[in-house]
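# Structure assessment
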Amino acid sequence: MNAPLNTPLLQVKGLKKIYQTGLLKKRETFRLEADFNINSSQIVGVMGPNGSGKTTMFELITGSNQPTAGEVLCAGQNIHNVKYRSRDRLAIHYHQSYQVRHFAKTKPSFMLENPITEYPLIHLFDEPQFNTQDGYIGFMLEFFKKLKSEGRLVFLCVHPNEAFHVKIMREICDSYLFVQKGRVSQADDYDTLLENPDVTSYLGSLAQY
Amino acid sequence: MALFEATHLQKRFGEQVVLEDITLSFEEGQLSGIMGPNGAGKSTCFNVLTGQYKPDNGRVVFDGRDITGKSARVIAGLGISRSFQIMNLFDEFTAIENILIALPESINRSFNPVHDIQGNVSAMEKAADVLNKVGLSGREFTQASSLPYGERRALEIGVALASDPRLLFLDEPTQGLGADGTARLSELINELKKSYSIVVIEHDMDFLFGLADKISVIHWGQVIATGTPDQLRENEWVMASTLGEIA
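Just so we're clear, the structure is a prediction, and the values are computed from it rather than from any experiment.

## Observations concerning the pairing of strand E10 (residues 222-227) of chain B
Residue and element names in this part refer to chain B. Most of E10 is tucked away: five of the six residues are buried. Pairing analysis gives five bridges linking strand E9 (residues 214-219) to E10, with the strands arranged antiparallel. Considered in E10, the bridge of serine 216 is made with threonine 226.

## A short note on the packing of aromatic side chains
For the coordinates displayed, the defined rule picks out 18 aromatic pairs over all chains. Taking 6.1 Å as the distance between ring centres and 25° as the angle between the ring planes, the aromatic pair formed by A:Phe143 and B:Trp220 counts as stacked. Of this pair, A:Phe143 sits in helix H2 (residues 136-149) while B:Trp220 sits in the loop between E9 and E10, each in a different chain. In terms of burial, A:Phe143 and B:Trp220 fall into one category: buried. Summarising the aromatic geometry, the rings of B:Phe13 and B:Tyr53 are spaced 5.4 Å apart at their centres and angled 80° between planes, so their arrangement reads as edge-to-face. Residue B:Phe13 is found in strand E1 (residues 4-13), and its partner B:Tyr53 is found in the loop between helix H1 (42-49) and strand E4 (57-62); the two are separated by 40 residues along the sequence. Residue classification places B:Phe13 among the partly exposed positions, given a relative accessible area of 37%.

## Examining the nonpolar core
By size, the foremost hydrophobic cluster in this structure holds 82 residues, and its most contacted members are A:Phe130, A:Phe139 and A:Phe144. Sorting elements by how many residues they give to this core places H2(A) first, with eight residues. For A:Phe144, the residues in contact, after removing those within four places along its chain, are A:Ile43, A:Phe125, A:Phe130, A:Val154, A:Leu156, A:Ile172 and B:Trp220.

## As for the confidence of the model for chain A
Per-residue pLDDT for chain A has a mean of 88; in total, 93% of the residues score no lower than 70. Highest mean pLDDT in chain A belongs to strand E3 (residues 43-47) of chain A (97); lowest belongs to strand E7 (residues 98-99) of chain A (54).

## Description of the interface of chain A and chain B
Much of the literature gives interface size as the accessible area that the parts lose upon coming together. Taken together, the contacts link 35 residues of chain A with 32 residues of chain B. Surface buried jointly by chain A and chain B totals about 2,800 Å² across both partners, of which 55% is contributed by carbon and sulfur atoms. The interface formed by chain A and chain B contains two salt bridges. When the shortest N-O distance is used, the salt bridge between B:Arg12 and A:Asp88 registers 3.6 Å. Of all the secondary structure elements, the ones that give two or more residues to the side of chain A that touches chain B are strand E6 (91-95), E7, strand E8 (122-126), H2 and helix H3 (163-172) of chain A. Among the elements that take part in the side of chain A that touches chain B, H2(A) stands out by supplying nine residues, more than any other. Split by residue class, the side of chain A that touches chain B holds 17 nonpolar, nine polar and nine charged.

Quick notes on the rules
Starting from 1, residues in each chain are numbered consecutively following that chain's sequence as written. Labels are handed out in written order, letters beginning with A for the chains and numbers beginning with 1 for the ligands. Local features in this predicted model are restricted to residues of pLDDT 70 or higher, and side-chain atom pairs are both shown and tallied only at a pLDDT of 80 or more, whereas totals for entire chains, interfaces and linings draw on every residue. Computation of side-chain values covers all heavy atoms of the structure but excludes hydrogens and water. Type-normalised accessible area, obtained with a 1.4 Å probe on protein chains alone, sets the label of each residue: buried when under 20%, exposed when over 50%, and partly exposed for intermediate values. What counts as a helix is a DSSP run of H or I of at least four residues, what counts as a strand is a run of E of at least two, and both are numbered from the N terminus. At least two DSSP bridges between two strands are required for those strands to pair. Only the six-membered ring of Trp is used, alongside the rings of Phe and Tyr, when aromatic pairs are assigned; centres must lie within 6.5 Å, and planes under 30 degrees apart are stacked while those over 60 apart are edge-to-face, with the rest tilted. By nonpolar core we mean a set of buried residues, namely Ala, Val, Leu, Ile, Met, Phe, Trp, Tyr and Cys, connected to one another through side-chain atoms within 4.5 Å. Residues are treated as being in contact if the distance between any of their heavy atoms lies within 4.5 Å. Every residue gets a pLDDT, meaning the predictor's confidence in that residue, from 0 to 100. Accessible area that two parts lose when put together, evaluated with a 1.4 Å probe and summed over both, is termed the buried area. A pairing counts as a salt bridge when a side-chain nitrogen of Lys or Arg comes within 4 Å of a carboxyl oxygen of Asp or Glu. The residue classification treats Ala, Val, Leu, Ile, Met, Phe, Trp, Tyr, Cys and Pro as nonpolar and Asp, Glu, Lys and Arg as charged. All others, Gly included, are polar.

Below, the structure is given as structure tokens:
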């Protein structure tokens, strides 16, 4: 990888996505706002209620959804300026078991840049299916750790509804993002995360694990 | 050097990346397993390895020879044989006829191979020998369609063995078999592995753990873990989930 030294792996700067409805009289239906940096390789746990904007945020980070404002820099490169077909060399979105590769095109590809990396730098796992019966969970967790050890950034989005989901997050995540009603808050560790009353009410009885 | 090596295989279908980055190797005389949950890209991987699909990137080397992008026919000619997830038998033919037409002797003939080859004593003996290897002695003249499901699967493996391959690929061999059938198939493959190099693609973890010398776990189109069954079992989450301890 030839990312410039000291450049954060991911910078999300003043990112906004606003969805509107109505032809003449516009009415806002959903707004996502995010502003955070992740400096070094790590596993970031992402939690939040359904419909809070987690998947929209992933789509904006991987460049498959066009932001209303702001930018996403992956190792310093603005992903929205990279050729569509090559954006997954920077950041890749795995939706459960398959990859999401649909891009809202706003510019012809020849006017866009080539990516600075060959193998994806940022891996976003959107609610991977953790089946408790078959043992694949263990291999998946090892894989997340391997990606981290190679200097990559891993996002693991889980919507915890069982105790072992929380256990997995606590075991492997280095930091957290909590998304609620389109707002993204960052926590450096699990204890800090739980200081947020929105998080404890979201986790409910699972907060004890 | 490994008998078969695949490095950095990538395969896209339109916008969909099915194989992201697959690096695998299979050793001579071993049984290698490829395992993964449904939708992980196992079958696509299998089809790229055996020449049904050309990879977009990466390299496949068999016995020191680059076979990347070569047709399935050429690859088969080099000594790689495969069975299919969906059975490929001639139902109206007998078990021995199914083997006879897969022998190199009849593949090289241009017409009516079954009729001609039945007069060939050495071919008949060879075919009976293959049937014996897959546990179908005594079934030579039974029509394929009247064999029980487990024996049809064994016959299919026999068809793949008829060409005396250097490497045998089996795609989801336990598909459609019950617990008994799976146990019998496991015994059969355990016997075959004494004389053949075999690659088995399976989602059934227990089946592979009992047979394989080395296993590669595929998910999201990538190899996410690799090791001997013992090494893979050491993972605490694997242990807990196979024992049903995660609640």
